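So you can see what is in the structure, the chains are spelled out below.
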Amino acid sequence: MARVSLQHIAKTFPGGHAAVRDVSLEIADGEFLVLVGPSGCGKSTTLRLVAGLEEATTGMIMIGDRVVNEVHPKDRDIAMVFQNYALYPHMSVYKNMAFALKLRRVARAEIERRVMGTARMLGIEELLDRKPRALSGGQRQRVAVGRAIVREPKAFLFDEPLSNLDAKLRVTTRAELKALHQRLKTTTIYVTHDQEEAMTLGDRIAVMHKGQLQQVAPPLEVYRRPTNRFVASFVGTPPMNFIDGTITAEGDATLFVEKPGSVGGGGGPQARVRLTRAIADGLLPMAGRAIVMGVRPQHLREADAASGEDSTLGVQVGVVEPLGDSMDLHGATAAGNAIVARVPARVGLSGGQFVRLAVDVGQANFFAPGEEGKNLLLG
Ligand code: ATP
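Calculation notes
- Residues numbered from 1 in each chain as written.
- Predicted model: local features only at pLDDT ≥ 70, side-chain atom pairs only at ≥ 80, totals over all residues.
- Heavy atoms only, no water.
- Buried < 20%, exposed > 50% of the residue type's maximum accessible area, 1.4 Å probe, protein only.
- Helix = DSSP H or I, 4+ residues; strand = E, 2+ residues; numbered from the N terminus.
- Pairing = 2+ DSSP bridges.
- Right-handed = clockwise from strand over helix to strand, strands pointing away.
- Phe/Tyr/Trp six-rings, centres within 6.5 Å; stacked < 30°, edge-to-face > 60°.
- Lys NZ or Arg CZ within 6 Å of the ring centre and 35° of its normal.

Draft legend 1. Representation of the pairing of strand β8 (residues 187–192). The buried fraction of β8 is high, at six of six residues. Here β8 shows a buried face lined by Thr187, Ile189 and Val191 and a second buried face lined by Thr188, Tyr190 and Thr192. Bridge count between strand β3 (residues 32–36) and β8: five bridges; the pairing is parallel. Along β8, the bridge assignment pairs leucine 35 with valine 191. Looking at chain direction, strand β7 (residues 155–159) and β8 are connected through five bridges and run parallel. Residue pairing across strands places aspartate 159 opposite valine 191, the latter belonging to β8. Handedness of the β7-helix α5 (residues 167–184)-β8 crossover: right-handed.

The structure is reproduced here in structure tokens:
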């Protein structure tokens, strides 16, 4: 096992496309780090740079205490699991798993010990004589993981290893991968475009966008205090609501006042959300300037109409999506801003109704204007 260190890594492909721009990242010994981001953000290229399948244009890559920029992929002591598993079709499962060890002239008895032990751990002992074409997608995935494990590498590199599995199998297999990591504690870098997979698997997640790291932090930190609006909208489902407005001081209170929009006609009264003391202290210097409030759908709830709660949004519901124990309300505020709320399911709530939604202000985030505006609560 080993730490992996990327220092100011950049990769520009011939033709000038900068796929990775100045990425610095320390992955601790035994850590499970997930690189996540939308298609084309540079996450696979970053992984391939660690594997040695691409050469860095600039920067330094270390595995353990060794700089590996000039080291051949097969000598980097890492094992990679690819999206398509890349199993050898003409070899049995046993031979697929044993192959890399054989190349390294590991003794036969030792190969057998490792392959059998790993097959037992992954529950694929019955499959050892089969060829890959006689396996299901989930079984192939296990063989690919097994092939990585037997090598006892310093680090595992996973490139979207679950994306060829159906939704249900993906969920069970990702729990198995997590349990496996807890058992083996091998340093792991895992690439996915699926934010839910990233959140559930990673000790930390590294969110990438346009070749750059946006935030590297434990999953809940990224969820609760995303560093900018890109991360805020990428992590969490349904995506965070963003409402333009301004901060206003009124007597003792500091308010966020919604700016009128045009969704659903608009024209109604603007929402006025009272900020908590901690948030107000951070935002008061922004008074009068344009600001964006970000509220997750989970942090809106139906207000008690009789209680006269402040910090509510009057919402005209357009569509209701029942999910079982909760339901998503898609609608618009009276002042014309689109809003999605995930609230406990309630019979009788349907499209066309008007509801009052209370904002859990302590959980809200506030951003500078623009698609990539910074989180103003993070200083
Ligand atoms: P995906 O999830 O779609 O695989 P990704 O985030 O893993 O996306 P990369 O595969 O790292 O993205 O690609 C990053 C950018 O670099 C993309 O714009 C891609 O087109 C470009 N790119 C990748 N490989 C090459 C290559 N060999 N030559 C030129 N451009 C490349």
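What follows continues from the structure just given.
Draft legend 2. Fine view of the packing of aromatic side chains. As enumerated under the stated definition, the model contains seven aromatic pairs in all. Residues tyrosine 88 and phenylalanine 99 carry aromatic rings whose centres are separated by 5.0 Å and whose planes lie at 65° to one another, so their mutual orientation is edge-to-face. Taken together, the residues tyrosine 88 in the loop between β6 (78–81) and α2 (93–103) and phenylalanine 99 in helix α2 connect sequence positions 11 residues apart. In this structure tyrosine 88 comes out as partly exposed when scored by relative accessible area, which is 30%. A ring pair is formed by phenylalanine 242 and phenylalanine 367, whose centres lie 5.8 Å apart and whose planes are at 70°; its orientation type is edge-to-face. Residue phenylalanine 242 is found in strand β11 (residues 241–250), and its partner phenylalanine 367 is found in strand β20 (residues 365–367); the two are separated by 125 residues along the sequence. Grouping aromatic residues by their ring pairs yields a cluster made of Phe32, Phe156, Phe158 and Tyr190. One residue, arginine 229, lies across the ring of phenylalanine 242, its end atom 4.4 Å from the ring centre. Over the aromatic face of tyrosine 223 sits the side chain of arginine 296, whose NZ or CZ is 4.1 Å from the ring centroid.

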